[in-house]
Amino acid sequence: MPKVGILMGSDSDLPIMKKAADILEQFGVEYEMTIISAHRMPDIFVDYAKNAQDRGIKVMICGAGGAAHLPGMCAAMFDLPVIGIPIHTKSVGGVDSLYSIVQMPSGIPVATVAIDGAANAALLAIEMLAISDDDLHEKMRDYRKTMKQGVVDKAEKLDKLGAADYIKQM
């Protein structure tokens, strides 16, 4: 049964939103992903958001660009955590999306990650689920240890080679 819902308003958002799906798969977290527009198909959107918990969804990840209403509308109808991903826009680089998502009214929170920050959205969803799932919590600990070791390894390589040679190998 899926634990995370991934929503996007357009298939043009799919390359970004796939990054969230990839992280969830890496951790073995089941998810469902769909394209749904709060503006163009409000009846279908309302049905989806209101019935998400019945399908096992515990956290919703919503990517949206421009006016970026999808995460906020989802949070208004889904009373578990919603994470918004502002999608980069050509007109103002996604700042419009970011402002639309972070400026939610009091009482309807939407956790918001960086513009195009789908990987972090998935990691945040995993951390939320890990509160009540010890196995997932252990996977998150291992993931962080692996990240740390990767940086340590690069620092050691830089120290060994020197900056000029390290840069040449990049």
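Engineer: So what's going on with the overall build of the protein? Which residues, and what values?
Structural biologist: What the protein contains, in helices and strands, is seven helices and five strands. The secondary structure elements of the protein, listed N-terminal to C-terminal, are β-α-β-α-β-α-β-α-β-α-α-α. In terms of its C-alpha atoms, the protein occupies a principal-axis envelope of roughly 60 × 40 × 30 Å. Here the protein holds 170 residues, and 38% of them are scored as buried. Considering only contacts in the protein between residues 6 or more positions apart, those separated by 24 or more positions represent 64%. Only carbon and sulfur atoms are counted for the fraction: they give 56% of the accessible area of the protein, which is about 9,700 Å². Charged side chains in the protein number 17 positive and 22 negative. The centres of these two groups are separated by 5 Å.

Engineer: Now, about the sheet that holds strand 4 (residues 82–86): what can you tell me, with residues and values included?
Structural biologist: Taken in spatial order, the five strands line up as 2-1-3-4-5 in an open sheet, and their pairing is parallel. Here the strands that pair on one side only, and so sit at the sheet edges, are strand 2 (31–35) and strand 5 (111–112). With five bridges connecting them, strand 1 (residues 4–8) and strand 3 (residues 59–64) associate as parallel partners. Directly across from V4, in strand 3, lies its bridge partner V59. In the packing of helix 3 (residues 70–77) onto the sheet, contacts are made with strand 1, strand 3 and strand 4, and the angle to strand 3 comes to roughly 155 degrees.

Engineer: Help me get a handle on helix 6 (residues 134–161), residues and values and all.
Structural biologist: An ideal rise of 1.5 Å per residue puts 40 Å on 28 residues; helix 6 measures up with 41 Å between its terminal C-alpha atoms. Listed in full, the buried residues belonging to helix 6 are L136, M140 and Y143. On its buried face, helix 6 is in contact with helix 1 (14–27) and helix 5 (118–130). The opening residue of helix 6, the one whose side-chain oxygen lies 3.1 Å from the backbone nitrogen of D135, is D133. With its phi angle positive at about 90 degrees, G162 sits one or two positions after the end of helix 6.

Conventions we followed
- Residues numbered from 1 in each chain as written.
- Predicted model: local features only at pLDDT ≥ 70, side-chain atom pairs only at ≥ 80, totals over all residues.
- Heavy atoms only, no water.
- Helix = DSSP H or I, 4+ residues; strand = E, 2+ residues; numbered from the N terminus.
- Buried < 20%, exposed > 50% of the residue type's maximum accessible area, 1.4 Å probe, protein only.
- Contact = heavy atoms within 4.5 Å.
- Areas by Shrake-Rupley, 256 points an atom, 1.4 Å probe, with all protein chains shown as cover.
- Lys, Arg positive; Asp, Glu negative; His and termini not counted.
- Charge placed at Lys NZ, Arg CZ, Asp CG, Glu CD.
- Pairing = 2+ DSSP bridges.
- Axes fitted to C-alpha atoms, helices over the stretch in contact; angles between N-to-C directions.
- Expected span 1.5 Å × (residues − 1).
- Polar contact = N/O pair within 3.5 Å; in protein donor to acceptor, adjacent residues only side chain to side chain.

Nothing here speaks to function; it is all geometry.
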